[in-house]
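So the chains spell out like this:
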Amino acid sequence: MVSCSENILPLPYPLIVFDGVCVLCHAAVRFIDRHDSRQQLKVVPLQSELGQYLQQRFGINLLQNNTIMVITESGVFTRSSALFAIAGYLDRPWRWLRGFRWLPRGLTDYLYEQLAWRRYRLFGRYDHCPVPALTLRTRLLENIEQLDEL
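A quick note: this is a predicted structure, and the numbers were derived from the prediction, not measured. (Residues numbered from 1 in each chain as written. Predicted model: local features only at pLDDT ≥ 70, side-chain atom pairs only at ≥ 80, totals over all residues. Heavy atoms only, no water.)

Asker: Please explain the overall build of the protein chain as it appears in this structure.
Answerer: Helix and strand counts for the protein chain come out as 6 helices and 4 strands. For the protein chain, the succession of helices and strands along the chain, N to C, is β-α-β-α-α-β-β-α-α-α. Looking at the 150 residues of the protein chain, the share that counts as buried comes to 44%. Contacts spanning at least 24 positions in sequence make up 72% of the contacts within the protein chain whose residues lie at least 6 apart. When the accessible surface of the protein chain is totalled, it reaches about 8,500 Å², and 57% of it is carbon and sulfur. (Helix = DSSP H or I, 4+ residues; strand = E, 2+ residues; numbered from the N terminus. Buried < 20%, exposed > 50% of the residue type's maximum accessible area, 1.4 Å probe, protein only. Contact = heavy atoms within 4.5 Å. Areas by Shrake-Rupley, 256 points an atom, 1.4 Å probe, with all protein chains shown as cover.)

Asker: Teacher, can you tell me more about helix H2 (residues 49-58) here?
Answerer: Every α-helix carries 3.6 residues per turn, so stepping three or four residues along brings you back to the same face. With 7 of 10 residues buried, H2 lies mostly within the body of the structure. Phi turns positive, to about 65°, at glycine 59, one or two residues after H2.

Asker: Looking at this structure, I do not really get unusual backbone geometry. What am I missing?
Answerer: Negative phi is the rule for most residues except glycine; trans is the rule for most peptide bonds. Here arginine 92 and proline 93 are connected by a cis peptide whose omega angle stands at 5°. Along the chain, the position of proline 93 falls in the loop between helix H4 (79-87) and helix H5 (105-123). One non-glycine residue, glutamine 39, adopts positive backbone phi at about 55°. Backbone geometry places arginine 79, a non-glycine residue, at a positive phi of 50°. Secondary-structure assignment places arginine 79 in helix H4.

Below you can see the structure in the form of C-alpha cells.
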C-alpha cells in the first residue's frame, strides 16, 4: 500500500485504474457498475492520460506488474488487496467477499497473479479501449481535466 498524502492534484476517491484493453478487466468493470448501486467507484483505463498520470504519481507500472490499482483515502492498493478494497464498496452479498482479506496475503496475491498473467490468453484483449456502455460513462475518467469537474 502506498500513501496518498502527496496531493499534487486532488483525487476523487475511490478510483480503480484498470487495463483498458483487457477483456476480463472490462467484464469486472461492468460487474462493478451493476453492483455498486451507490455509484461510489470511479474507473480509469490505465492507457488514458489520467491512467498514465496516476501510474507515474504513485510509481506503479500496472502492465509490468500485471495488476490493477485502487486509490482510496486510506492509500493505494494493488493485486488481491485491490480486489478486497473494491468488494468493500459493492452491494451485499458481494461486499462480504472483503472478508477474504484475512487469508494470508501471499496466498491471495499468488492466486491473483496466476489469473493476471494468463488473462489475455484466457479471455482475450481488445485492440483499443472500447467505448463503455452509457451507464458506465458516469464512472469513467480518462483526462486530468475531468478531475476539476468533480
